[in-house]
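Spelled out from the first residue to the last, the chains are:
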Amino acid sequence: MKVLYFAWVRQRIGFGHETVSPPDGVATVAGLVDWLRTRGPGYAEAFKDTRAIRCAVNQEYVEPDHPVADGDEVAFFPPVTGG
């Protein structure tokens with residue numbers, strides 16, 4: 001699974017993308033976030049308040065209960081506003 005991080009999420013984690021293999025049982029975006037939090041202090045800080053992060057799976061906006069699977073591209077970013 002390829003995971004992309006944008007804006008301040010990337011700054012807190014320390015890089016913009018990585019390929020991960022979550023453990024069995026990680027089946028949704030929320031489960032992925034819970035697992036990512038355990039990977040270190042930067043992840044814990046980035047995902048501290050999930051209300052401040054949006055997600056896309058395979059370039060489509062999704063909710064935390066959306067399924068994830070091997071081969072997916074998952075992107076995390078702050079909410080976007082127009083102006």
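Please refer to the structure higher up on the page.
Structural notes, computed from the coordinates. (Residues numbered from 1 in each chain as written. Predicted model: local features only at pLDDT ≥ 70, side-chain atom pairs only at ≥ 80, totals over all residues. Heavy atoms only, no water.)

### Description of the layout of surface pockets
In this structure, the largest pocket spans a volume of roughly 250 Å³. For the lining of the largest pocket, the secondary structure elements donating two or more residues are helix H2 (29-37), strand E3 (54-57) and strand E4 (60-62). (1 Å grid on protein atoms, 1.4 Å probe; cavity = no way out; pocket = protein on both sides within 12 Å on 5 of 7 lines; lining within 4 Å. Points joined across faces, edges and corners; volume = space filled by probe spheres on them. Helix = DSSP H or I, 4+ residues; strand = E, 2+ residues; numbered from the N terminus.)

### Topic: the nonpolar core
Tyr5, Val29, Leu32, Leu36, Phe47, Val74 and Phe76 are the most contacted members of the largest nonpolar core, which totals 22 residues. If you list the elements that add at least two residues to this core, you get strand E1 (2-5), helix H1 (7-13), H2, helix H3 (41-46), E3 and strand E5 (73-77). In terms of residue count, H2 provides more of this core than any other element does, five residues in total. Not counting residues within four places of it along the chain, the set of residues in contact with leucine 32 comprises Met1, Pro22, Val26, Val74 and Phe76. (Core = buried A, V, L, I, M, F, W, Y, C linked by side-chain atoms within 4.5 Å. Buried < 20%, exposed > 50% of the residue type's maximum accessible area, 1.4 Å probe, protein only. Contact = heavy atoms within 4.5 Å.)

### Remarks on the side chain of aspartate 72
With respect to the secondary-structure elements, aspartate 72 resides in the loop between E4 and E5. The buried charged residue aspartate 72 lacks any salt bridge partner; its closest oppositely charged side chain belongs to lysine 2, at an N-O distance of 13 Å. A distance of 2.9 Å separates polar atoms of two side chains, one belonging to aspartate 72 and the other to asparagine 58. If sequence neighbours within four positions are ignored, aspartate 72 has contacts with Met1, Lys2, Val57, Asn58 and Pro67. (Lys, Arg positive; Asp, Glu negative; His and termini not counted. Salt bridge = Lys/Arg side-chain N within 4 Å of Asp/Glu carboxyl O. Polar contact = N/O pair within 3.5 Å; in protein donor to acceptor, adjacent residues only side chain to side chain.)

Note that every value here comes from positions in space, so none of it alone points to a role or purpose.
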